[in-house]
Each structure stands twice: as C-alpha cells, then as structure tokens.
Amino acid sequence: MAQKIDWQNIDTILLDMDGTLLDLHFDLHFWMEYMPLVFANKHNISHDEAKDKLYPVLRAEEGKLHWYCLDYWQEKLQLDIVQLKEDIAHLIQIHPFVLEFLEQARAHKKRIYLVTNAHRKTLKIKMRVTNLASYFDGIISSHDYGTAKENQEFWCKLAHEIQFDRNKSIFFDDSLAVLKSAQQYGIGTVVAMSKPSSKIKAREVEGFINIETFEHALIK
C-alpha cells in the first residue's frame, strides 16, 4: 500500500481520530455496551431491553452532527455522558505505529491536523489520556463549524481556516461516508483504515487506498 502514497508531493496530513489514530473499540464499547448498561440500571430494565430501546434512537442520528454531540445525548438520555466516558477512559488506546508515523511526519516537516467529528469534550478526554495533542499543528472538530465531515460545507470551512492545497493533501479516515465526502471535495490522496477496531477483523473499503495500520503509511 505504501507505494501508492506519493509522500514527495504531500505537504499536509489530515487525520481522523476515532478508528484512525485511536482504537475504535473504546467508542463501540461505550455506545453499544456500557452506556446502555447504565441506562438499563437507571430505568430498572434489562441490558437487552435498553439496547432495543436505544439503538434505533442512536441510529436515527447517524452521520449527522447530533450523532457526535455529547451535549445532545446528555440531554436526550438524561445521563452524564462525559462522566460515563471518564469511567472507562482506561480503554482508550492508540493504534499501532501511530506514534512512529507522527514522529516521521514531523521530521519531514509535514503540516499535521487532527480533523474529527468528535465533540470537544471527548477530545479533551482523549488528548489527556493519549498525549497526542502536541503532534498537531491544529485540532479541528466539526462542532466548531456546525457541520459534520460527511458534508461538503465542512471541507470548505476547513480550507478557509487552514489554507491547504487539496492536491498536496492526504486524509485518513475509517468512515466510508466521510472518505467519500473528502474524495468529492478533491483531497488529493484519501486513505481508508481497514481495521478501525482491534476487536474487529480488517475489512477492505472499496475505492480507496487501504491500510490496516500506519506501518503501511510510514514516510520513507
């Protein structure tokens, strides 16, 4: 895969967070298991009943800004979502070879931006746990723009803020909808993470360069 990335002609690196730099297992476990368990205990129903009740509510917001908004879910579910994330923050893990990749990118004087749909309150927790913040020239949350990465408006606002040449930029993400959005906007190189969670088998994302880990994207 690495030979498909022409690092000589790339000056800006745009990186998703969850499922790309960080193991998606934390997020999947939180939303699919832990949060429903807390909801079940609060309402005196079974874990499975809570899942049956919550999953359709969650799915209805998928791909929209609300899907990623902790404040929205806190109000909707009447749960302290931030505190619940803190409860299992020990599960937050950096993917293999991410640190090596970021070190190399800095050594090669690339501009590095974290570009995420994650809410700022989630970012605060994850940057504290991982100590990754110092690697980035900037950290952009779609909540800053009021529109998710799935939408073209996000990329227009990002380009206005950080002034990048789309032809000389590379973007890494694990979401098909977001990858397609970046491709539509004209980002020169778009790379799909085929193994976003350590607990799920790698799955090829058609139409994009695929990597399982950043070992396959190290700058030579």
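Structure's up top.
Residues numbered from 1 in each chain as written. Predicted model: local features only at pLDDT ≥ 70, side-chain atom pairs only at ≥ 80, totals over all residues. Heavy atoms only, no water.

Peer 1: I'm lost on the side chain of Ser-194 in this one. Help?
Peer 2: Here Ser-194 lies in the loop between β5 (189-193) and β6 (209-211). For Ser-194, a relative accessible area of 7% corresponds to the buried category. (Helix = DSSP H or I, 4+ residues; strand = E, 2+ residues; numbered from the N terminus. Buried < 20%, exposed > 50% of the residue type's maximum accessible area, 1.4 Å probe, protein only.)

Peer 1: Explain the sheet that holds strand β2 (residues 111-116) to me, please; I cannot follow it from the model alone.
Peer 2: Taken in spatial order, the six strands of this open sheet run β3-β2-β1-β4-β5-β6, and their pairing is parallel. Each of the sheet's edge strands pairs with one partner strand only, and the pair in question is β3 (138-141) and β6. Each adjacent strand pair in this sheet contributes to an overall mean axis angle of 25 degrees, direction not counted. As paired elements, β5 and β6 share three bridges and run parallel to each other. The residue bridging Ala-192 from the neighbouring strand is Asn-210, located in β6. (Pairing = 2+ DSSP bridges. Axes fitted to C-alpha atoms, helices over the stretch in contact; angles between N-to-C directions.)

Peer 1: What should I look at first to understand the layout of surface pockets in this one?
Peer 2: The rolling of a water-molecule-sized probe over the atoms marks out the regions of remaining empty space. Volume-wise, the largest pocket comes out at about 1100 Å³. The wall of the largest pocket is formed by 39 residues, among which Leu-24, Leu-28, Glu-62, Trp-67 and Asp-174 lie closest to the centre. Put simply, the parts of the chain that give the lining of the largest pocket at least two residues each are α1 (25-43), α2 (47-59), α3 (70-77) and α9 (176-185). Of the residues forming the lining of the largest pocket, the biggest block, four residues, is contributed by α1. By residue class, the composition of the lining of the largest pocket is 18 nonpolar, eight polar and 13 charged. (1 Å grid on protein atoms, 1.4 Å probe; cavity = no way out; pocket = protein on both sides within 12 Å on 5 of 7 lines; lining within 4 Å. Points joined across faces, edges and corners; volume = space filled by probe spheres on them. Nonpolar A, V, L, I, M, F, W, Y, C, P; charged D, E, K, R; others polar.)

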